[in-house]
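# Chain and residue survey
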Amino acid sequence: MKFHGHVGVIETSDATTLDEALAVARCASRVLARPQPNLAILEADDARLVIAALEERGLHPKVIR
């Protein structure tokens, strides 16, 4: 994940993984753009929700600020 000012960019290995990450964070409906199937642009706060949801499940995403 990368943070650029007010948005976060989430990139996963495939679309299914991204769909699942967005679903567990309950922010799939707030995606600003999805330029590729495995790439989503979100408000920074929503991207932080994805990070927190993954960490709660024992996963540790790579985060670049």
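Residues numbered from 1 in each chain as written. Predicted model: local features only at pLDDT ≥ 70, side-chain atom pairs only at ≥ 80, totals over all residues. Heavy atoms only, no water.

This brings us to the overall build of the protein chain. Tallying secondary structure elements over the protein chain gives two helices and four strands in all. Helices and strands appear in the protein chain in the N-to-C order β-β-α-β-β-α. On C-alpha atoms alone, the protein chain measures out to a radius of gyration of 10 Å, which is about the 11 Å that the 2.2 N^0.38 rule sets for 65 residues. Overall, the protein chain is about 25 × 25 × 20 Å in size when its C-alpha atoms are taken along their principal axes. Within the span of the protein chain, comprising 65 residues, buried residues form 34% of the whole. (Helix = DSSP H or I, 4+ residues; strand = E, 2+ residues; numbered from the N terminus. Rg over C-alpha atoms; globule rule 2.2 N^0.38 Å. Buried < 20%, exposed > 50% of the residue type's maximum accessible area, 1.4 Å probe, protein only.)

Listed in full, the 11 residues of the largest apolar core are Ile10, Leu18, Ala21, Leu22, Ala25, Cys27, Ala40, Leu42, Val50, Ala53 and Leu54. Ignoring any residue separated from it by four or fewer positions in sequence, one finds Leu22 in contact with Ile10, Cys27, Ala28, Val31, Arg34, Ala40, Leu42 and Val50. (Core = buried A, V, L, I, M, F, W, Y, C linked by side-chain atoms within 4.5 Å. Contact = heavy atoms within 4.5 Å.)

In terms of strand pairing, strand β3 (residues 33–36) meets strand β4 (residues 39–43) through two bridges, oriented antiparallel. Bridge pairing in β4 links Ala33 to Ile41. (Pairing = 2+ DSSP bridges.)

Here we take up the environment of Ile41. Looking at the secondary structure, you find Ile41 in strand β4. Along the sequence, Ile41 and Ser29 sit 12 residues apart, while their C-alpha atoms lie 12 Å from each other. When residues no more than four places from it in sequence are discounted, the contact partners of Ile41 are Val7, Gly8, Val9, Val31, Leu32, Ala33 and Pro35.

All of the buried residues along helix α1 (residues 15–24) are Leu18, Ala21 and Leu22. Looking straight down α1, one finds its buried side chains confined to an arc of 95°; they lie on one side. Among the structural elements, β2 (7–11), β3, β4 and α2 (44–56) are those in contact with the buried residues of α1. Between the side-chain oxygen of the N-cap and the backbone nitrogen of Thr16 there are 3.1 Å, and the N-cap of α1 in question is Asp14. Where α1 terminates, the next one or two residues include Arg26, which has phi positive at roughly 55°. (Arc of directions from axis to C-beta. Polar contact = N/O pair within 3.5 Å; in protein donor to acceptor, adjacent residues only side chain to side chain.)

This next bit is on the confidence of the model for the protein chain. Counting all residues, the mean pLDDT for the protein chain is 91, and 94% of those residues have values of 70 or more. The spread of mean pLDDT over the elements of the protein chain runs between strand β1 (residues 2–4), the lowest at 62, and β3, the highest at 96. (pLDDT = per-residue confidence, 0-100.)

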